[in-house]
Amino acid sequence: MIAAVISLGGIGLAAAVALGVAAKKFAVEVDPREAAILEVLSGANCGACGLPGCSAYAKAVVEEGVPANLCSPGGQATIEAIAAIMGVAAEAMVPQVAVVRCQGDNRKAKNKFHYLGLQDCNAAQRIADGPKTCPGGCLGLGSCERVCPFGAIEMTADGIAVISRDKCTGCKKCVAACPRNVIAMTPRPATVHVLCNSHDKGAVVRKYCEVGCIGCQICKKTAPGAYLIEDFLARVVYEQEQDAAPGIEKCPTKCIRDFALGYPEGSSFKAAESRPEPEHAA
Amino acid sequence: MQLKTFPGGLHPPDNKQWSAHKPIEDCPLPEELVVPLGQHIGAPAVPCVAVGDLVKRGQVIGEAKGFVSVPVHAPTSGEVIAVEDRPHPMGRDLPAVVIRADGEDAWGDLLAPLDIAIAGIDELRQRILSCGIVGMGGATFPAHVKLSPPDEKPIDTLILNGVECEPFLTADHRLMLEESDRILSGIAVLQKILGVRQTFIGIEANKPDAIERLSRACADLPVEVIPLEVKYPQGAEKQLILACVGREVPSGGLPMDVGVVVQNVGTCAAIADAVLRGIPLIERIATISGPALVEAKNLRVRIGTPLRKLVEVCGGTRVEPAKIIMGGPMMGMTQLSLEVPAIRGTSGLLLFTADQVSTRPEGPCIRCGRCVRACPAHILPTTIAAYARLDLFEEAEAYNALDCIECGCCTYSCPAALPLVQSIRYAKNAILAKRRKV
C-alpha cells in the first residue's frame, strides 16, 4: 500500500518536474499582438487578404509587417483596430465589392444548346465552352453562390447571379469560382457599372443577347471621361470619379445600371443607402 | 458454350438492324472540305500549306508536332481557300485547313509501297506515323505510339477489336464483311512490328456473319476469332483484354503492362493501306443512322466532309433532329450543328428525335447501387460523383476516379438521372490538371 503510494507519487512528481522544465525551456514565444489581431479580424477565413485564413494574416502582420489594411470583410473598423494594436497609422482601404457583369438571363440571352448535365458552372463550361452563346455571359448554375462565405449571392429564377452590395465583403472567392470571369471587383463608392462581359462586336452581341453592350460609344459621348470602350465593351473608369450616371439613360441596350437605384430584374435584394458595419468590429 | 466476357456492363437496345445489312457506299465529294488540324489525341498538326495553294489528294497539309501527334493529309485535290478556326466536333472553333475541291480528285505523289518481308520495324512504324494513322474506334490515339512499347514491356498478344458494342454503329461490321482482306493484311503488318506469338480478333456474337467470314479467312493463319457475349462496353480496351485473354490491366496501367496491344479493325485496315499501298488516312467508314433520318447507311466518308452532306446522302431528315451525336450513343459527342466536318474519329452520326432525348431532371441518389453493378472498371461511380460535386478531388482520386473509362454505364443505369460520368470526368480533369501543375 505504502509502496504503491510512494512509487506512483514519485513518478507523478518526477513527471511534473520534467513537464515544468520543458514548458520553460521549450516555450514558444507568441506575440500577444498576434492574438489581439486575431480577435479583431472577421474570422471568416475567406482568404481576401491573400493569406490562408485569419490566423495566418494575424501572424503575417506581426512577423512580416504585412500591411494592416487587407481584411476587406472587416472594413475600416478592423483596419483601425489592427493599426492601433501595431502602433502604426491606419491606412485607408478603398473597400471593394464584387459585381456580376452580366444581365443576360435565360429570357434575355440565347443558349447554344440545352444543358442537362451537372448543375455547376465549371462543369458546364467544359462542355463546348458552356451552353450560353455569349462567351462571357453568366451561366447561371450558381458556382459563385455556393462558395460565398457570406451568403451575398443569389441566383434569380431566370438564371443569373446577383451580388448583394450589403452582404458582400469583397473577399473575391466568387471571382475565383467563376469559369468565365464574369465577376469583377469594383470600388464600393462606385454604384454605376456596365453589366456586360462580351467582347464580341455589336452585331454579334445583338444576335444572342438583348441586354449586351454593343460598343456603340453613346455612353462615352454622353458622359465624357466616365467610360472607356475596349474591344467593343464599355466599362466605367472608376479611377476618374466622373459621374457615369448620364450614360445610363442613353444606353440603347440598357446594360448600364446604377445599383444605388436598384438591382437587376428578378433579384430579391433591395438597394440600400449605406452598408451596415459588421457586428464584431463594433 | 458460354461466351467470354467481362464482369459488369449492361445491355442497351442495339438498334443495329437499321444499317447492319446496308453495304458500304461511297459518299460523294462535297464542294468544300474542312480538315481540322487536331483530329487526334495529342498535339495538333502544324499547317504547312497557305491560302491559294493547290493540293493533291493525299498530300500532307499539316505536319506532326511532337511524338504523340500525327500529320494531316488533303482528302481530295483542290485549292486551299482558308487556314483558320472553324467549328470542330469538340464544340468550339479550332484551326482547320479549308479545301475547295476541284472535282478531279487527283492523287498526289504517294509513298512507295513497303514489302513487309524486307522492311524494318522502324520503317513500318515511321510509315504508320507518316500516313497519319490513329485509333479509329473513336478515341483517335496515334497508332504509332501504341506500336512503340518500351523494351521493358514485352508484348506477346495482339487483339483486334471488332466488337463494335456501341448501339446503332455497324461500320466495323460492314468492314469485316466486305473488306476482310484489308484487315488480314493489316494483321500481318502488326504482327511483324510487335513480333507477337498470338493474335485474336474479338467480335460480339451479334455479328455471326462477320465471325464466320473472318474465321474462314483466318483458318490457315495464326489468328483466332473469339466470339464475345453481347454486352456494352465489350469493346472497351481493358474489358476486351479481360474477355479475350483473361488478363486484367492494373489500376493506372496500360494494356502493354499485361503484354497486349489492342487495335480496332478499322485502324488495322488503314495500317494495311498505309504500308502496302502508301495511302494516308483520308477516309473512313461511318454509320449514319438514327430515327430522325430517312434512311440509315454505312458510308465511306472523306475526312472533312460536312455532316450535313452525310445527312443529304441518306435522304435527309424525317423530322428536325433534337439531338445530333457523332460516334455512338453511349460515348459519342453531342454536336451543336451539322456544319462541323467528319473527322478521323467519326465512327457514326446519329440523329435522334425529340421524344428520344431524355430531359428528365436529376433527382436524389437513392443508393440503389445500379451504377456500381454496371461499372466495368469496378469503381464506385456514385461516391466519386458525390465528391466531384463538392470539389473534393483528393478523395475522388483515392476512390480511383482515374480508372474510369467513361463508358457511361453508370449514367445509363441511374434511375435518378444523375450525370454520373460527367461528374467523374470533371473530377478526373481536375486531378490531372493538378498533377500537371505539381
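As the structure is a prediction and not an experimental result, all values here were calculated from the model.

**Notes on the packing of aromatic side chains**
Residue and element names in this part refer to chain B. If you walk through the whole model with that rule in mind, you get five aromatic pairs over all chains. Judged by centre distance (5.4 Å) and plane angle (85°), the ring pair of Phe168 and Phe352 falls under edge-to-face. Residue Phe168 is located in the loop between strand E9 (157-161) and helix H3 (171-178), and its partner Phe352 is located in strand E17 (residues 348-352); the two are separated by 184 residues in the primary sequence. Here Tyr387 and Tyr399 contribute two aromatic rings whose centre-to-centre distance is 5.7 Å and whose plane-to-plane angle is 40°, an arrangement assigned as tilted.

**Regarding a nonpolar patch on the surface**
Residues and elements named next belong to chain A. Together, Met1, Ile2, Val5 and Ile6 line one region of the surface with nonpolar side chains, adding up to about 510 Å² of accessible area. Its location among the elements puts Val5 in helix H1 (residues 2-25). Val5 sits in the exposed class, given a relative accessible area of 53%.

**Some details on the domain arrangement of chain B**
Residues and elements named next belong to chain B. Domain assignment breaks chain B into domain 1 (28-102 + 280-356), domain 2 (130-277) and domain 3 (370-437). The C-alpha centroid of domain 2 is placed 24 Å from the C-alpha centroid of domain 1. If you look at the interface, domain 1 gives 33 residues, while domain 2 gives 27 residues. Among the residues of domain 1 in contact with domain 2, Ile41, Phe67 and Leu281 are the three that bury the most area, contributing 21% of the side total. Linking domain 1 with domain 2 are one salt bridge. Sorting the residues of the side of domain 1 that touches domain 2 by element identifies strand E13 (283-289), strand E14 (297-302) and E17 as the ones contributing at least two each. It is E13 that provides the largest number of residues to the side of domain 1 that touches domain 2, a total of six residues. Its residues assigned to classes, the side of domain 1 that touches domain 2 shows 15 nonpolar, 14 polar and four charged.

**Here's the deal with the UniProt feature "binding site: [4Fe-4S] cluster 1" (unreviewed entry) in chain B**
All names here are of chain B. When the UniProt feature table is mapped onto this chain numbering, "binding site: [4Fe-4S] cluster 1" (unreviewed entry) sits at Cys365, Cys368, Cys371 and Cys414. Sequence-wise these annotated residues cover 50 residues; spatially they are packed, their C-alpha atoms never more than 10.7 Å apart. Secondary-structure assignment places Cys368 in the loop between E17 and helix H9 (370-374). Take Cys368: its relative accessible area is 37%, and that puts it in the partly exposed class. Examined against the element boundaries, Cys371 turns out to sit in helix H9. By relative accessible area, Cys371 is classed as buried at 8%. In contact with Cys371, not counting residues within four places along its chain, are Pro381, Thr382, Cys410, Ser413 and Leu420.

**Observations concerning the confidence of the model for chain A**
Looking at chain A, pLDDT values average 88 and 96% of them are 70 or higher. Between residues 274-282 of chain A, whose pLDDT stays under 50, and residues either more than four places distant or in other chains, the model counts 18 contacts.

**A few points about the nonpolar core**
For soluble globular proteins, the rule of thumb is that nonpolar side chains tend to be buried together. Residue and element names in this part refer to chain B. Ranked by internal contacts, the top residues of the largest apolar core, which has 47 residues, are Ile133, Leu160, Ile183, Ile201 and Ile271. Contributing elements (two or more residues each) for this core: helix H1 (121-130), E9, H3, helix H4 (180-194), strand E10 (198-204), helix H5 (208-217), strand E11 (223-228) and helix H7 (265-277). Each of domain 1 (28-102 + 280-356) and domain 2 (130-277) accounts for three or more of the residues forming this core. Those residues in contact with Leu160 that sit more than four places away from it in its chain are Ile183, Ile187, Leu190, Thr199, Phe200, Ile201, Gly202, Gln263, Asn264, Val265 and Cys268.

**Some details on the interface of chain B and chain A**
Between chain B and chain A, the residue contacts involve 13 residues of the former and 15 residues of the latter. Between chain B and chain A, roughly 1200 Å² of surface is buried when both sides are summed, and carbon and sulfur atoms account for 57% of that area. It is Leu336, Gln422 and Tyr426 of chain B in chain B that bury the most area against chain A; as a group they hold 44% of the surface buried on that side. Our enumeration of links across chain B and chain A arrives at one salt bridge. A salt bridge links Asp129 of chain A to Arg92 of chain B; its shortest N-O distance comes to 3.0 Å. Top element by residues in the side of chain B that touches chain A is helix H13 (residues 420-437) of chain B. It accounts for four residues. Partitioned by chemical class, the residues of the side of chain B that touches chain A number four nonpolar, six polar and three charged.

**Considerations on the sheet that holds E11 of chain B**
Backbone hydrogen bonds are what pair the strands of a sheet, in a parallel or an antiparallel way. Residue and element names in this part refer to chain B. Pairing within the open sheet is parallel, and its four strands lie in the order E11-E10-E9-E12. Each end of this open sheet is capped by a strand with a single partner; those strands are E11 and strand E12 (260-264). Averaged over all neighbouring strand pairs, the angle between strand axes comes to 25°, with direction disregarded. By the bridge criterion, five bridges tie E9 to E10 in an arrangement that is parallel. Of the residues in E10, the one forming a bridge with Ile159 is Phe200.

**Focus: helix H4 (residues 75-86) of chain A**
All names here are of chain A. Here H4 is 12 residues long and its end C-alpha atoms lie 17 Å apart, about the 16 Å a rise of 1.5 Å per residue gives. Of the positions making up H4, those classed as buried are Gly75, Thr78, Ile79, Ile82, Ala83 and Met86. Buried residues of H4 fall within an arc of 135° about the axis and therefore sit on the same side. Against helix H2 (32-40) and helix H3 (54-64) lie the buried residues of H4. One or two positions beyond H4, positive phi appears at Gly87, with a value near 70°.

**Brief notes about the state of the cysteines**
Here a disulfide denotes one covalent bond, and it connects the sulfur atoms of two cysteines. Residue and element names in this part refer to chain B. For the coordinates displayed, the defined rule picks out zero disulfides over all chains. Take Cys268: it sits in no disulfide, and the sulfur closest to it among the cysteines is that of Cys218, at 9.9 Å. A residue is classified by how much of its surface remains accessible, and Cys268, at 0% relative accessible area, is buried. Of the cysteine sulfurs around Cys371, a residue in no disulfide, the closest is that of Cys410, at 6.4 Å.

About the thresholds
- Residues numbered from 1 in each chain as written.
- Chains lettered and ligands numbered in written order.
- Predicted model: local features only at pLDDT ≥ 70, side-chain atom pairs only at ≥ 80, totals over all residues.
- Heavy atoms only, no water.
- Phe/Tyr/Trp six-rings, centres within 6.5 Å; stacked < 30°, edge-to-face > 60°.
- Helix = DSSP H or I, 4+ residues; strand = E, 2+ residues; numbered from the N terminus.
- Patch = residues over 30% accessible without salt bridge, like charges linked within 9 Å, V, L, I, M, F, W, Y side chains within 5 Å.
- Areas by Shrake-Rupley, 256 points an atom, 1.4 Å probe, with all protein chains shown as cover.
- Salt bridge = Lys/Arg side-chain N within 4 Å of Asp/Glu carboxyl O.
- Buried < 20%, exposed > 50% of the residue type's maximum accessible area, 1.4 Å probe, protein only.
- Domains from an automatic or database assignment.
- Contact = heavy atoms within 4.5 Å.
- Buried area = accessible area lost by both parts, 1.4 Å probe.
- Nonpolar A, V, L, I, M, F, W, Y, C, P; charged D, E, K, R; others polar.
- UniProt positions renumbered as here; feature names shortened; annotations may be inferred.
- pLDDT = per-residue confidence, 0-100.
- Core = buried A, V, L, I, M, F, W, Y, C linked by side-chain atoms within 4.5 Å.
- Pairing = 2+ DSSP bridges.
- Axes fitted to C-alpha atoms, helices over the stretch in contact; angles between N-to-C directions.
- Expected span 1.5 Å × (residues − 1).
- Arc of directions from axis to C-beta.
- Disulfide = S-S within 2.5 Å.

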